[in-house]
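# A structural walkthrough
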Amino acid sequence: MAQIAQMAQSKGTVVLAYSGGLDTSCILVWLREQGYEVIAYLADVGQEEDFEAARKKATSLGAKKVFIEDLRKEFVEEFIWPWVQSSAVYEDRYLLGTSLARPCIARGQVKVAKQEKAQFVSHGATGKGNDQVRFELTCYALYPEVKIISPWRQPEFYNRFLGRKDLVAYAKDHGIPVPVTPKDPWSMDANIMHISYESGILENPWNHAPDGMQTMTIDPMKSTNTPDKLEIEFKHGVPIKVTNLGDKTTCNSPLELFQYVNKIGSKHGVGRIDIVENRFIGMKSRGVYETPGGTILYHAHLDIETFTMDKEVRKIKRDLAVRFSEQLYNGFWNSPECAFVRHCINKSQESVEGKVQMSVFKGQVYILGRESPTSLYNEALVSMNVQGDYDPIDAGGFIKICSLRLKEYHRLQSSKST
């Protein structure tokens, strides 16, 4: 066990969002040094992690208790599915994988804090990023009286640990196991929806992401030369079934379905992006992301929604999706405005049902066809070979009415130039 000076009196109990990595292991020991009893909380949201090894490590470092919760099912059903319904994309490119996971994890952390009557919660998010906001807004919303310890915002912590070298030295002094392999020159965060990479060599936006950095998807240039054709069925805007039209694999349960589209997307290198985005706290940051299954479902849902939703309703819903993306990115999942937007988006999905067939190949998703019992597509009406319930002569009057304001605008412009 890490050697910690004995405190005369405990300052209270803190539930630490713990990953088992160097940073949160050092934070666990540091919190004990400050006089707190520490409960380690590990949330399984689909990241590749040896949770039992992390449990043993936290216990050896002096954690009073260790909670490990499998949140994958609720993460998919209660967070990813509303995102699929919304088609929300932050700043036109980011599919919000990390943003979705944080309120899910923090909700679980708060549940444990209340259960254990802990007065404090803590996390390892930096003082420059979005995650500190996302974690803490969720904690304050669900546990208003809680006190939050954010070490990377406390001078006594960040002045002591100026970099990884200081953390490693501290770990060696306190019996904290240090990774044998060198750390990658970037940081990463993973869950079932995506992996994000940032910091280190990626902080220079001109530097190319190194070959082999991305681990969730295969390089599209090296991926299989045979496409996978999928059929995805939706009900109320949510995927309820996926079928591989080639080998007939079928998945119905939400978690199994999402894991399968992830597998197909990974196999074909789908969902890779490299962007510069605007953090909520005011600075720009560069991030590299992999979102294979999310990208497949985004395109499938977008297609069936356009097929089944009224044009004017969809304009409003599209505006709501932009609002939702910003609320989610900025950490306001538990705000009244975000709850209202989610309710409106859910209402808009009542008729979004049907099947979409698509081809997944070499980093791309190609829509092949769609069908729906609630489609607003009228083949007879739109056909160039059938007159249908439409008189072309009416289009002339429609165009003339639409042209009135254009005529008036250009009449005024002409008068200004004479």
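Rules used in this analysis
Position numbers for residues start from 1 in each chain and track the written sequence from start to end. This being a predicted model, a pLDDT of at least 70 is required before a residue's local features are given, and a value of 80 or more before pairs of side-chain atoms are given or counted; all residues contribute to the totals for chains, interfaces and linings. Values reported for side chains reflect all heavy atoms of the structure, with hydrogen atoms and water molecules removed beforehand. Two rings belonging to Phe, Tyr or Trp (six-membered ring only in the last case) form a pair when the distance between their centres is within 6.5 Å. Interplanar angles under 30 degrees mark stacking, angles over 60 mark edge-to-face geometry, and anything in between is tilted. Look at NZ for Lys and CZ for Arg. If either is within 6 Å of the ring centre and within 35 degrees of the ring normal, a charge sits over the ring. Any Lys or Arg side-chain nitrogen located within 4 Å of an Asp or Glu carboxyl oxygen qualifies as a salt bridge. For helices the rule is a DSSP run of H or I covering at least 4 residues; for strands it is a run of E covering at least 2, with both sets numbered from the N terminus onward. Any residue under 20% of the maximum accessible area for its type is buried, any over 50% is exposed, and the rest in between are partly exposed; the area is computed with a 1.4 Å probe on protein chains only. Strand pairing is defined by DSSP finding a minimum of two bridges between the two strands. Convention adopted: a line fitted to C-alpha atoms gives each axis, helices being fitted over their contacting stretch, and angles between N-to-C directions are expressed from 0 to 180 degrees. In what follows, a contact means two residues having at least one pair of non-hydrogen atoms within 4.5 Å. Residues with no salt bridge and a relative accessible area higher than 30% make up the patches, which join like charges within 9 Å and nonpolar side chains (Val, Leu, Ile, Met, Phe, Trp, Tyr) within 5 Å. All accessibility values rest on the Shrake-Rupley procedure with a 1.4 Å probe; residue burial counts only the protein chains present in the view. Our angle categories are set so that under 35 degrees counts as roughly parallel, over 145 as roughly antiparallel, 65 to 115 as roughly perpendicular, and the remainder as oblique. For a crossover, the right-handed case is the one in which the path from the first strand over the helix to the second runs clockwise, viewed with the strands pointing away from the viewer.

Let's shift gears to the packing of aromatic side chains. In the structure shown here, the tally under the stated rule is 14 aromatic pairs. Grouping aromatic residues by their ring pairs yields a cluster made of Trp30, Trp152, Phe157, Phe161 and Tyr170. The lysine or arginine in question, Arg134, covers the ring of Tyr329, its NZ or CZ lying 4.9 Å from the ring centre. Sitting over the face of the ring of Trp333, Arg342 holds its NZ or CZ atom 4.1 Å from the ring centroid.

Here the structure, examined in full by the defined rule, presents 24 salt bridges. Glu33 is the salt-bridge partner of Arg160, the closest N and O atoms lying 3.5 Å from each other. Pair noted here: Arg160 is in the loop between α6 (155-158) and α7 (164-173) and Glu33 is in helix α1 (residues 22-33), with a separation of 127 residues, a long-range link. Taking relative accessible area as the criterion, Arg160 reaches 39% and is therefore assigned partly exposed.

With parallel pairing, five strands are arranged side by side in an open sheet as β3-β2-β1-β4-β5. Strands at the two margins of the open sheet, each flanked by one partner only, are β3 (65-70) and β5 (147-149). Strand-to-strand, the axes of this sheet are offset by a mean angle of 25°, without reference to chain direction. As paired elements, strand β1 (residues 12-17) and strand β4 (residues 120-122) share three bridges and run parallel to each other. Bridge pairing in β4 links Leu16 to Ser122. Against the sheet, helix α4 (residues 97-115) contacts β1, β2 (36-44), β3 and β4, and its axis sits at roughly 140° relative to β2.

Turning to a nonpolar patch on the surface, a few remarks are in order. Taken together, the side chains of Phe280, Ile281 and Met283 present a nonpolar region at the surface, about 240 Å² in accessible area. Tracing the chain through its elements places Phe280 in the loop between β11 (272-278) and β12 (284-290). The class of Phe280 is partly exposed, set by a relative accessible area of 38%.

Helices that pack against each other are described as a pair by the angle of their axes relative to one another and the distance between those axes. Two numbers describe how helix α3 (residues 72-86) lies on helix α10 (residues 311-329): the axes approach to 9 Å, and their chain directions differ by 140°. One finds that α3 runs oblique with respect to α10. The segment α3 lies against α10, with Pro82, Trp83, Gln85 and Ser86 engaging Lys317, Ala321 and Phe324.

Another point: the pairing of β3. If a strand is regular, its side chains alternate between the two faces of the sheet. Note: β2 against β3, six bridges, orientation parallel. Considered in β3, the bridge of Ala40 is made with Val66. Chirality of the crossover, the property in question, places the unit of β2, helix α2 (residues 51-60) and β3 among those that are right-handed.

Mapping Ala113 onto the fold places it in helix α4. Since its relative accessible area comes to 0%, Ala113 is described here as buried. Not counting chain neighbours up to four residues away, the residues in contact with Ala113 comprise Val15, Ala118, Val121 and Tyr143.

Let us now look at the sheet that holds strand β14 (residues 364-371). The five strands lie next to each other as β10-β9-β8-β13-β14, forming an open sheet whose pairing is antiparallel. Two strands close off the open sheet at either side, each with one partner strand: β10 (250-251) and β14. Inspection of the sheet shows strand β13 (residues 354-361) paired to β14 by seven bridges, in the antiparallel sense. By the bridge assignment, Lys355 is partnered in β14 with Glu371. Along the sheet face, helix α8 (residues 254-267) touches β8 (228-235), β9 (238-244), β10 and β13 and points at about 55° away from the line of β9. Contacts between helix α9 (residues 292-308) and the sheet are confined to β8, β9, β13 and β14, with β14 contributing the most and set at about 30° to the helix.

Before going further, it helps to examine unusual backbone geometry. Excluding glycine, residues mostly carry a negative phi; peptide bonds, for their part, are mostly trans. The residue His236 is not glycine, and still its phi comes out positive at about 55°. Tracing the chain through its elements places His236 in the loop between β8 and β9. Here the phi dihedral of Lys248 falls at roughly 70°; this positive angle occurs in a residue that is not glycine. In this structure, Lys248 sits in the loop between β9 and β10. Take Lys248: its relative accessible area is 57%, and that puts it in the exposed class.

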